[in-house]
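# Structural features, examined
Next come the chains, spelled out residue by residue.
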Amino acid sequence: MSIEITRETPAENGANGNSHVEHPTIVGLKVVTGDLDAKVPDGPVAEKWEKHKFEMKLVNPSNKRKFNLIIVGTGLAGASAAATLAELGYNVQAFTYHDSPRRAHSIAAQGGINAAKNYQNDGDSVYRLFYDTVKGGDYRSRESNTYRLAQVSVDIIDQCVAQGVPFAREYGGYLDNRSFGGAQVSRTFYARGQTGQQLLLGAYQSMMRQVQRGSVKLFTRREMLDLVMVDGAARGISVRNLVTGEIETYAADAVLLCTGGYSNVYFLSTNAKYCNVTAAWRAHKKGAYFANPCFTQIHPTCIPVSGDYQSKLTLMSESLRNDGRVWVPKAVGDKRHPDEIPEGERDYFLERRYPAFGNLVPRDVASRAAKLACDEGRGVGETGLAVYLDFADAIERLGVETVKARYGNLFHMYHHITAEDPYKVPMRIFPAVHYTMGGLWVDYNLMTSIPGLFALGEANFSDHGANRLGASALMQGLADGYFVIPYTIGNYLAGNALPKASTDRAEFKQAALDSQEKINTLLAVKGEKTALEFHRELGLIMWNHVGMARNRAGLIEAIGMLSDLKAEFWRNVKVVGEANNLNQNLEHASRVADFIELAELMALDALNREESCGAHFREEYETPEGEAMRDDEEFSYVAAWEYQNGAMPVLHKEELVFEEIHISQRSYK
Amino acid sequence: MATTTGSKPTKNMNLKLLVWRQMGAKDKGKMVEYKANDISPDMSFLEMLDVVNEQMIHKGDEPIAFEHDCREGICGSCGLMINGVAHGPDAGTTVCQLHMRSFKDGDEIVIEPWRARAFPVIRDLVVDRSAFDRIIAAGGYISENTGNAPDGNAIPIGKDVANDAMDSAACIGCGACVAQCKNASAVLFTSAKIAHLGLLPQGEPERIDRVLRMVSQMDAEMFGSCSNEGECEAVCPKEIKITNISMMNREYERAILSNKK
């Protein structure tokens, strides 16, 4: 893809009932407005979901067993959906590339899960959680989806407690809460620093119960390589059996992608090593629109990079900011040991800049402030790319034992990785890519632009806008799987006459051939550079040009570099081993190929969005105080991209309508 | 706690690796020697293997297959016998969180897959641990359908009980307990789940069935018996206690005595 920019005024030419407008900045970009129907129910936001639940069609209990559903991915969204849909009576086929569903990356979430229970009597409500989430997302999420998320949040906690999730308790036996960024109430439920693990195990166990009963058929060590379409609807998938290398196809009445996010496009991220975009990307190539790909979250509290061999970054839970204080030296280039820097010569920059929220500002704000301090030359540690997170005050106030009880496992992990004791020396932290708000475009029913293809959890784009609040990813994954899809899938299945699809059909045979050919092509290149080298190079381009701060020139340059990288990849990648065996090198190369293509779209999306909002920070658009400056006139829309066979994709705009919340400049001061 | 100390070795090191290579389940397999040179003490053990693998790919050789994913010690994917010890020399640590500062220049490191009849080798250091999933499927859950749940605070659970349940629930299912046990017994894994659910009031109604079914599945998978040596506890990266096993045994006795079926 090559990009040319012009500043000409837009020329309009209506066609097909939609208005096609030549974009003012990107030459040749076709923009379509008004064609995306989000299927948001009418009525006041608080009543939409109830009303919709009543209006949706139902599948009779005895008919449910006649429907087959494919679920790809078995993290929080996938496992909870598999368990719940099987409980309802559907036949579920669940696929994971892991050896066990319990390994999905949801397991690594540490801090907690939000819910508007108001157990603390501190003023929380469904409305406040909704409001905080929309504001936290910098007014780029779909109001109706976010409200529903806040509504079902309370049911999630009940569900998980009933499953035996050992949430933290008070002495009286009631559930304990902690605070997270972007909120002034305590609404985060947690199981030590292993909340994601415990929630995933709850969902996994419920799913394994259905495996035992025969309602879920589990396929491990299978990686989805293609979506199979029959008569314009999603009817199956092709997968590679990672042990035998065989390409297998499976048919169903609907396909659910619960395949997570794409942070690993940056190579260094807090995502697990296997996390990849392949399933979503290949669905995109079959017609599913990809929404807001440039909205990627940089988490402020990660352990800094230590060397060029680094394979991933490790997150330290945001909950640490409850008691830890973030600071850098006031003076540029102050290389003294932190103990030798007196209080008066320290800059607690979050407390200084945002007195109302202090160290608990949202992630995008905290990350950018840390970057700014480092850009000014006040960063700490050997590389200067870190800030302190200091627990000295907390230890003095609460005592070592209390701090240990709250954060013991995190301190332990930090100590292990860095060989420094955070009880004695302040932690050094730096932002790292952590979560992607963008994903496959879905309507209110979580259906993508392909009929019968649904996307749940981090794989979709819907609820977090341009920035996700801490402890909301677990909430969304489980909301989608336990409480949304069980209703909306019935409406789809009951409302569409779906002829029987079998893998004998030509479409399935073709998908298997295509998948095999792609594998063979990768092995046939026999170049000089490894997939890992390409992945690192890709990551650097993305971090430098499509990372925490972006600008027009950098994005255009990145698009050129990515185009070159893609060409070089297919000319020069070196993949060893065979197709018909366990071959991790081949798996990696195949994922990197898709990441490079996604990266081009991310850069294009970032270039198109000429505003700063949430995690998307364009240096040309900032307030005099250095905060993100939105442009609600021009950019209050979801950018949903339609694949065009490698040529310039078509931009479909879904206008965002805020009926409930008055949008304003986000302030945490 | 970790054996890591505050002192940081800074010099890079050269190591000799002896690694188990096995093309597939039916291949006989053998130990192969590799050199790992210029290794930084700040690298993780798996990053050291990444470096070795990259060199092999460049030479056109097939890299060493090993399981890994989160590299934060929580997903339970990784697991290697390092010099005969599951997850290597540091206590309370998975391989991915083991750092090369625990080794010294010139060391010879023997790397093998989990060895257990119930965990057959798939390739090199990758084994099949699906037996664990089948033990959970046999009864490691609370039978609650989505939508049934009462309010989360309806049943108060004492802080100590919740803490104990959490201690048991912290198991990551890596299989180190089985690998280290001379009998290849899976009782620490199985008992941790039985204890987690059995300690909580929500788990009470299914206590009898749960322990009977999970233990029976464990036996069917050909895991060995427990002879109380405690090696499982010693290598468990999550420091799951063998008191879970005592609890499982009590639950089992209780179930046998009170089972009316």
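Look up: the structure comes first, before these words.
Overview of the structure. (Residues numbered from 1 in each chain as written. Chains lettered and ligands numbered in written order. Predicted model: local features only at pLDDT ≥ 70, side-chain atom pairs only at ≥ 80, totals over all residues.)

## A word on the overall build of chain A
Quick reminder of the rule: Numbered from the N terminus, helices here are DSSP runs of H or I no shorter than four residues, and strands are runs of E no shorter than two. Put simply, a residue is buried when 20 or more other C-beta atoms lie within 10 Å of its own C-beta and exposed when 12 or fewer do; between those, it is partly exposed, and each C-beta is set from the backbone. By the convention adopted here, residues are in contact when the distance between their C-beta atoms, placed from the backbone, does not exceed 7 Å.
The helix and strand inventory of chain A stands at 17 helices and 24 strands. Once the C-alpha set of chain A is aligned to its principal axes, its extents read approximately 75 × 60 × 55 Å. Burial analysis of chain A (669 residues in total) assigns 59% to the buried set. Across chain A, every contact between residues at least 6 apart in sequence was considered, and the portion connecting residues at least 24 apart equals 73%.

## Quick word on the overall build of chain B
Assigned secondary structure in chain B consists of 8 helices and 7 strands. The principal-axis extent of the C-alpha atoms belonging to chain B is close to 65 × 45 × 40 Å. Counting only residues that meet the buried cut, chain B has 53% of its 261 residues in that class.

## Focus: the interface of chain A and chain B
Interface size is often expressed as the accessible area that is lost when the parts come together. Stated precisely, the cut-off is as follows: Nonpolar residues are Ala, Val, Leu, Ile, Met, Phe, Trp, Tyr, Cys and Pro. Charged residues are Asp, Glu, Lys and Arg, and all others, Gly as well, are polar.
Taken residue by residue, the interface counts 64 residues in chain A and 72 residues in chain B. Where the side of chain A that touches chain B is concerned, the elements lending two or more residues are helix H3 (76-88), helix H5 (143-163), helix H6 (195-212), helix H11 (400-418) and helix H16 (584-608) of chain A. Here the side of chain A that touches chain B takes 9 residues from H6 of chain A, the largest share from any one element. Residues that form the side of chain A that touches chain B fall into these classes: 24 nonpolar, 27 polar and 13 charged.

## Focus on the packing of H3 of chain A against H6 of chain A
All names here are of chain A. Selection criterion: Where helices are involved, their axes are fitted lines through C-alpha atoms of the stretch in contact, as for all axes, and angles between N-to-C directions lie from 0 to 180°. Helix crossings are classified by the rotation of the near helix relative to the far one: an anticlockwise turn of less than a right angle makes the crossing left-handed, while a clockwise turn makes it right-handed.
Where H3 meets H6, the closest approach of the two axes is 8 Å, and the angle between their N-to-C directions is 35°. The interaxial crossing formed by H3 with H6 has left-handed handedness. In this structure, H3 uses Leu-76, Ala-79, Ser-80, Ala-82, Ala-83, Ala-86 and Glu-87 to contact H6, whose residues at the interface are Leu-199, Leu-200, Ala-203, Tyr-204, Ser-206, Met-207 and Gln-210. Here the contact of H3 with H6 is composed, by residue class, of 10 nonpolar, 3 polar and 1 charged.

## Digging into the pairing of strand E23 (residues 637-644) of chain A
Residues and elements named next belong to chain A. Let me state the cut-off plainly: For two strands to pair, DSSP has to find at least two bridges joining them.
Bridging between strand E13 (residues 290-291) and E23 involves 2 bridges; their strand directions are antiparallel. By the bridge assignment, Phe-290 is partnered in E23 with Trp-641. Note: E23 against strand E24 (residues 647-655), 7 bridges, orientation antiparallel. Note that in E24 the partner of Trp-641 across the bridge is Leu-651. Where E23 folds back onto E24 in an antiparallel hairpin, the turn is made up of 2 residues, including Asn-645, whose phi is positive at roughly 55°.

## Observations concerning the sheet that holds strand E4 (residues 85-86) of chain B
All names here are of chain B. Pairing within the open sheet is mixed, and its 5 strands lie in the order E2-E1-E5-E3-E4. Each having just a single partner strand, strand E2 (30-39) and E4 make up the two edges of the open sheet. As paired elements, strand E1 (residues 13-21) and strand E5 (residues 108-112) share 4 bridges and run parallel to each other. When the bridges of E5 are listed, Leu-18 appears paired with Val-110.

## Quick notes on the packing of helix H5 (residues 187-199) of chain B against helix H8 (residues 243-258) of chain B
All names here are of chain B. Defined as follows: Our angle categories are set so that under 35 degrees counts as roughly parallel, over 145 as roughly antiparallel, 65 to 115 as roughly perpendicular, and the remainder as oblique.
For the pair H5 and H8, interaxial distance at closest approach is 8 Å and the crossing angle is 70°. Taken together, the axis directions place H5 and H8 in an arrangement best described as roughly perpendicular. Contact with H5, carried on its side by Val-187, Leu-188, Thr-190, Ser-191, Ala-192, Ile-194, Ala-195 and Gly-198, involves Asn-244, Ile-245, Met-247, Met-248 and Glu-251 of H8 and no other residues of that element. Taken together, the residues that form the contact of H5 with H8 break down as 8 nonpolar, 4 polar and 1 charged.

## Details of the nonpolar core
Stated precisely, the cut-off is as follows: Any nonpolar core is a set of buried residues, restricted to Ala, Val, Leu, Ile, Met, Phe, Trp, Tyr and Cys, that join up through C-beta atoms within 7 Å.
Counting 300 residues, the largest nonpolar core has Ile-71, Ala-82, Leu-256, Leu-257, Leu-440 and Ala-603 of chain A together with Val-178 of chain B as the members making the most contacts within it. Per element, the largest residue contribution to this core is 14 residues, and it comes from H16 of chain A. Discounting chain neighbours no more than four positions away, the residues touching Ala-603 of chain A are Val-546, Leu-555, Ala-558, Ile-559 and Leu-562 of chain A.

## Some remarks on the environment of Arg-666 of chain A
Residues and elements named next belong to chain A. By the element assignment, Arg-666 lies in the segment after E24. On the neighbour-count criterion, Arg-666 (20 C-beta atoms within 10 Å) is buried. Spatially, the C-alpha atom of Arg-666 lies 30 Å from that of Gly-344, the residues being 322 residues apart in sequence. Not counting chain neighbours up to four residues away, the residues in contact with Arg-666 comprise Lys-135 and Asp-138.

## What about helix H4 (residues 126-136) of chain A?
Residues and elements named next belong to chain A. Most of H4 is tucked away, with 8 of its 11 residues classed as buried. Buried within H4 are the following residues: Val-126, Leu-129, Phe-130, Asp-132, Thr-133, Val-134, Lys-135 and Gly-136. Tucked inside the fold, the buried residues of H4 contact strand E6 (113-114) and H5. Once H4 finishes, Asp-138 follows within two positions and takes phi at roughly 55°, a positive value.

## Re the environment of Gln-516 of chain A
As for its position among the elements, Gln-516 of chain A is in helix H13 (residues 506-525). Distance in space between the C-alpha atoms of Gln-516 of chain A and Glu-246 of chain A is 8.6 Å, their sequence separation being 270 residues.

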